[in-house]
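# Survey of secondary and tertiary structure
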Amino acid sequence: MRKIWRTKGGSFYVGHLPIGCRLCQKGAKLVLFITGICGKRCFYCPLSEARRGKDVVYADEVRVLADEDVVQEARVIQAEGTGLTGGDPLISPQRVLHYIRLLKDEFGEKHHVHLYTIGRYLTKPLLRQLKDAGLDEIRFHPDKVDLPKISWAAKAEITVGAEVPAIPNGSKEIIALIKYLGDAGASFININELEFTETNRAALLIRGIRSKPPMSLVAEGSEETAFKVLDWALRSANINVHYCPARIKDAVQFRNRIKRKGKSVAKPYETITRDGLLSFGIIKLRKATQNTLESFHNLLINKYHIPLELIAINLGKRRIETSIEIIKKLGPNIMSQSCECGIISEYPTQDRTEVLYTPLH
């Protein structure tokens, strides 16, 4: 008798967890956004306005302008695999092939690459090219007309699955898809909890889908639908079935990924918190020009004998940075009407988003 397993991250599955999902929960998967263009208009599409319909490439949060942007981001998060997503990546097949080859050349055959697609633009010649380039796994979100392409991929000896949202009261449709997947030679389905975003909220509400009270960003009834499918899968499914709650993205996947990134990018004076944030001390000058920052930086080094690797000027943010220990010692001696000291915590992402700032008094 099969059972419903619970991962450490809090997702649930029957059978085995797909490799792409394992890497995602470890924070070991690079998300390579190939394009925001897609041939479908799914009412629940969660893409932001900055990406939807835009032909842009991102490696996680990093806008990609050159191959090195992709390679560098994969290195700093110590990526063991990559998910190619969109939009539909196969609208730009040569771009997809290029990045698969780039990743395999840089990180070896063990670097797992999986692709998300609606299937509309997949052809048999392209499928062979994807296989030859090194694609390991393909996840379909197909319309009925494209369902036969699932069996094409299975015969090409690529791991094949599907990925769909759990639309409230939509368990019958998902179960029908699972039956089809089993007959077509696929090995898994990934069911995502339906989320409310700024771009899909109106479309969900107009269809009578409500968010969980009091102010949740997930759809009421979505999780219940997913568990109905899991219960059915215990008795009847011949493929692996995985349910991924929305909380996995922030509480597990993103958190684990930034922890990995923090270890790679942290400066000597930065402390990595349990949540993967980088914490350190800062000094703000009221008149923070390049000259005043450099003069004050040099004064602190000479007067307090601070090691060069433990203090730096951040011209972009107009401040001096140092360790928490040093700022606590320096603060009482240097704070004045023209100088403010504090402790800041930021994400180790390209934009270094500030999460918390505590001024010293």
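Summarised in this report is the structure supplied together with it. (Residues numbered from 1 in each chain as written. Predicted model: local features only at pLDDT ≥ 70, side-chain atom pairs only at ≥ 80, totals over all residues. Heavy atoms only, no water.)

With that settled, consider the overall build of the protein chain. Check the secondary structure of the protein chain and you find eleven helices and 17 strands. Dimensions of the protein chain, computed from the C-alpha atoms along their principal axes, are close to 75 × 45 × 40 Å. Summarising the internal contacts of the protein chain: among those between residues at least 6 apart in sequence, 66% fall at separations of at least 24. As displayed, the protein chain has an accessible area near 17900 Å², and 53% of this comes from carbon and sulfur atoms. Separation between the mean location of the 54 positive side-chain charges and that of the 40 negative ones in the protein chain comes to 3 Å. (Helix = DSSP H or I, 4+ residues; strand = E, 2+ residues; numbered from the N terminus. Contact = heavy atoms within 4.5 Å. Areas by Shrake-Rupley, 256 points an atom, 1.4 Å probe, with all protein chains shown as cover. Lys, Arg positive; Asp, Glu negative; His and termini not counted. Charge placed at Lys NZ, Arg CZ, Asp CG, Glu CD.)

With that settled, the discussion passes to the side chain of Lys-104. With respect to the helices and strands, Lys-104 occurs in helix α3 (residues 93-107). Of the residues examined, Lys-104 reaches a relative accessible area of 4% and is grouped as buried. With residues near it in sequence (within four places) discarded, Lys-104 still touches Glu-109, His-111, Val-113, Ala-133, Gly-134 and Asp-136. (Buried < 20%, exposed > 50% of the residue type's maximum accessible area, 1.4 Å probe, protein only.)

Pairing of strand β14 (residues 311-314) with strand β15 (residues 319-322) involves four bridges; the strand directions are antiparallel. Counterpart to Ile-311 in the pairing with β15 is Thr-322. Once β14 ends, the chain turns through four residues before running back antiparallel as β15, passing Arg-318 with a positive phi of about 55°. (Pairing = 2+ DSSP bridges.)

Let us look at the packing of helix α5 (residues 148-155) against helix α6 (residues 171-184). For any two helices packed against each other, the geometry is given by the interaxial angle and the distance between the axes. Viewed as axis vectors pointing N to C, α5 and α6 meet at an angle of 40°, and their least axial separation amounts to 9 Å. For α5 against α6, the interelement crossing comes out right-handed. On α6, the residues touching Pro-148, Ile-150, Ser-151 and Ala-154 of α5 are Tyr-180, Leu-181 and Ala-184. (Axes fitted to C-alpha atoms, helices over the stretch in contact; angles between N-to-C directions. Left-handed = near helix turned anticlockwise from the far one by under 90°.)

Another aspect to go through is the nonpolar core. Core analysis: the largest hydrophobic core is formed by 60 residues, its most contacted members being Leu-32, Leu-130, Ile-138, Ile-178, Ile-189, Ile-191 and Val-241. Excluding residues that lie within four positions of it along the chain, Leu-130 makes contacts with Leu-90, Val-96, Leu-97, Ile-100, Leu-115, Leu-122 and Leu-135. (Core = buried A, V, L, I, M, F, W, Y, C linked by side-chain atoms within 4.5 Å.)

Okay, the packing of α6 against helix α8 (residues 222-236) next. As a packed pair, α6 and α8 sit with axes 9 Å apart at the nearest point and diverge in direction by 40°. Here α6 is positioned oblique relative to α8, judged by the angle of their axes. When you trace α6 past α8, the crossing you get is right-handed. Judged by residue contacts, Ser-171, Ile-174, Ile-175, Ile-178 and Lys-179 of α6 engage Thr-225, Lys-228, Val-229 and Trp-232 from α8. Tallied by class, residues from the contact of α6 with α8 come to five nonpolar, two polar and two charged. (Parallel < 35°, antiparallel > 145°, perpendicular 65-115°, else oblique. Nonpolar A, V, L, I, M, F, W, Y, C, P; charged D, E, K, R; others polar.)

Of the volumes computed, that of the second largest pocket is approximately 480 Å³. Lining the second largest pocket are 15 residues, with His-141, Pro-142, Val-164, Glu-173 and Leu-177 positioned closest to its centre. Of all the secondary structure elements, the ones that give two or more residues to the lining of the second largest pocket are β9 (159-166) and α6. Ranked by residues supplied to the lining of the second largest pocket, first place goes to α6 with three residues. Class assignment of the residues belonging to the lining of the second largest pocket gives a composition of nine nonpolar, two polar and four charged. (1 Å grid on protein atoms, 1.4 Å probe; cavity = no way out; pocket = protein on both sides within 12 Å on 5 of 7 lines; lining within 4 Å. Points joined across faces, edges and corners; volume = space filled by probe spheres on them.)

Counting through the fold element by element, Cys-21 comes out in helix α1 (residues 19-26). Sequence separation between Cys-21 and Cys-244 is 223 residues; the distance between their C-alpha atoms is 8.9 Å. Aside from chain neighbours lying at most four places away, what touches Cys-21 is Arg-139, Asn-190 and His-242.

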